[in-house]
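Results of the structural survey
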Amino acid sequence: MRDNDAEAVRRFSDEVTMEPETIARARSHALELGADPVSAAVGAQCAVISAATAALNIVEIGTGGGVSGLWLLRGSPRATLTTIDVEPEHLAAARSAFSDAKIPPARARFIAGRAADVLPRMNEASYDIVLVDADPDGVIEYVEHGLRLVRAGGTVLVPRVLNGGAVADPVRRDSVTGAYRSLIQETQSSPAVLGALSIVGEGLLQLTTTSAEAR
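Below, the structure is looked at part by part. The shown structure was predicted, so the numbers you read here are calculated from the model rather than taken from an experiment.

Rules used throughout
Residues numbered from 1 in each chain as written. Predicted model: local features only at pLDDT ≥ 70, side-chain atom pairs only at ≥ 80, totals over all residues. Heavy atoms only, no water. Salt bridge = Lys/Arg side-chain N within 4 Å of Asp/Glu carboxyl O. 1 Å grid on protein atoms, 1.4 Å probe; cavity = no way out; pocket = protein on both sides within 12 Å on 5 of 7 lines; lining within 4 Å. Points joined across faces, edges and corners; volume = space filled by probe spheres on them. Nonpolar A, V, L, I, M, F, W, Y, C, P; charged D, E, K, R; others polar. Core = buried A, V, L, I, M, F, W, Y, C linked by side-chain atoms within 4.5 Å. Buried < 20%, exposed > 50% of the residue type's maximum accessible area, 1.4 Å probe, protein only. Helix = DSSP H or I, 4+ residues; strand = E, 2+ residues; numbered from the N terminus. Contact = heavy atoms within 4.5 Å. Pairing = 2+ DSSP bridges. Axes fitted to C-alpha atoms, helices over the stretch in contact; angles between N-to-C directions. Parallel < 35°, antiparallel > 145°, perpendicular 65-115°, else oblique. Left-handed = near helix turned anticlockwise from the far one by under 90°. Right-handed = clockwise from strand over helix to strand, strands pointing away.

Following the criterion strictly, the structure yields eight salt bridges and no others. The partner of Glu19 in a salt bridge is Arg27, and the shortest N-O contact between them spans 2.7 Å. Several salt bridges share partner residues, and in doing so they unite Glu21, Arg25 and Asp100 into one network.

Further remarks concern the layout of surface pockets. A volume near 320 Å³ is recorded for the largest pocket. Lining of the largest pocket is provided by 19 residues; of these, Gly62, Asp85, Asp133, Ala134 and Asp135 occupy positions nearest its centre. Of the residues contributing to the lining of the largest pocket, the split by class is seven nonpolar, five polar and seven charged.

A separate point is the nonpolar core. Val132, Val143, Val156 and Val158 are the most contacted members of the largest nonpolar core, which has 31 residues in total. Of all the elements in the fold, those that place two or more residues in this core are strand 1 (57-61), helix 6 (115-118), strand 4 (127-132), helix 7 (139-149), strand 5 (150-159), helix 8 (175-188) and strand 7 (204-209). In this structure, Val158 is in contact with Val132, Val139, Val143, Tyr180, Leu183, Gly203, Leu204 and Leu205, ignoring residues within four places of it in sequence. Counting 28 residues, the second-largest nonpolar core is a separate cluster that includes Ala26, Val42, Ile49 and Leu72.

In this fold, Gly201 is placed in the loop between strand 6 (193-198) and strand 7. As for Gly201 and Val143, which are separated by 58 residues in sequence, their C-alpha atoms are 20 Å apart. When sequence neighbours within four positions are dropped, the list of residues in contact with Gly201 reads Arg10, Asp14, Ser39, Ala41 and Val42.

Let us look at the sheet that holds strand 4. Spatially, the seven strands line up as an open sheet ordered 3-2-1-4-5-7-6, and their pairing is mixed. What marks the edges here is a single partner per strand, and that holds for strand 3 (108-112) and strand 6. Taken over all neighbouring pairs, the strand axes of this sheet differ in orientation by 15° on average, direction set aside. Where strand 6 lies against strand 7, six bridges are found, and the strand directions are antiparallel. In the strand pairing of strand 7, Gly195 is matched with Leu207. Against the sheet, helix 4 (residues 67-75) contacts strand 1, strand 2 (80-85), strand 4 and strand 5, and its axis sits at roughly 160° relative to strand 1. This element, helix 5 (residues 88-100), spans strand 2 and strand 3 of the sheet and lies at about 170° to strand 3.

Here the focus is the packing of helix 2 (residues 21-33) against helix 5. Between helix 2 and helix 5, whose axes approach to 10 Å, the crossing angle comes to 165°. By the angle between their directions, the pair helix 2 and helix 5 is classed as roughly antiparallel. The handedness of the crossing between helix 2 and helix 5 comes out as right-handed. Note on element contacts: helix 5 touches helix 2 through Glu89, His90, Ala93, Ala97 and Asp100, opposite Thr22, Arg25, Ala26, His29 and Leu33. Broken down by class, the residue content of the contact of helix 2 with helix 5 amounts to four nonpolar, three polar and three charged.

Let us look at the pairing of strand 5. The buried fraction of strand 5 amounts to seven of the 10 residues, a majority that puts the element mostly inside the structure. Judged from the four bridges that link them, strand 4 and strand 5 form a sheet pairing that is parallel. Among the inter-strand pairings, Leu131 is bridged to a residue of strand 5, identified as Leu157. Taken together, strand 4, helix 7 and strand 5 constitute a β-α-β crossover, and its handedness is right-handed.

Mapped onto the fold, Arg107 is located in the loop between helix 5 and strand 3. Overall, the relative accessible area of 14% leaves Arg107 in the buried class. Residues Arg107 and Gly203 lie 96 residues apart in sequence; the distance between their C-alpha atoms is 28 Å. When sequence neighbours within four positions are dropped, the list of residues in contact with Arg107 reads Leu73, Ser76, Pro77, Arg78, Ala79, Thr80 and Leu81.

Spelled out as structure tokens, the structure:
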């Protein structure tokens, strides 16, 4: 496929993805705050994975102003979401977005703090999905925590893993691109996870654990 054809496919995917009004409002507010929410195309994939997993317990690292959380809960209407963010404003935006979407307060827990400090205190093998969308420099550490936290058969989701296309450029050697590239390559060869890389939107790496070795 030629580069312009690939770009046309991505653009078509973005255009045909229908975003519910409550999520669209959350996106608008998040962008006003300077948050960087996942695209609608990636959000829709997260919703499908959440539904297919029949997720009941979800952890989200980085709120995106509530956008990614709303997509995940759209896929699993009975799930409880724990969302972690270092920015109080982003958490407040997510809380407001959930209220707007009529998400019951009992289905969402908001934790303000650095994920590196919070994640080690969370119970392992207790979650169905962990979404990692914060601090690209720490992505490998967060994914390691995520694989520890999910149950056998649980899934870790990593959006933005293509780093704007930089991971496919062998000339790019910056730390963030290197971290994403290593994450993709190492997990594809790991017997402990099933890995799939989607190039829709900003990209989404999907890692489903196959055994206790993942932890």
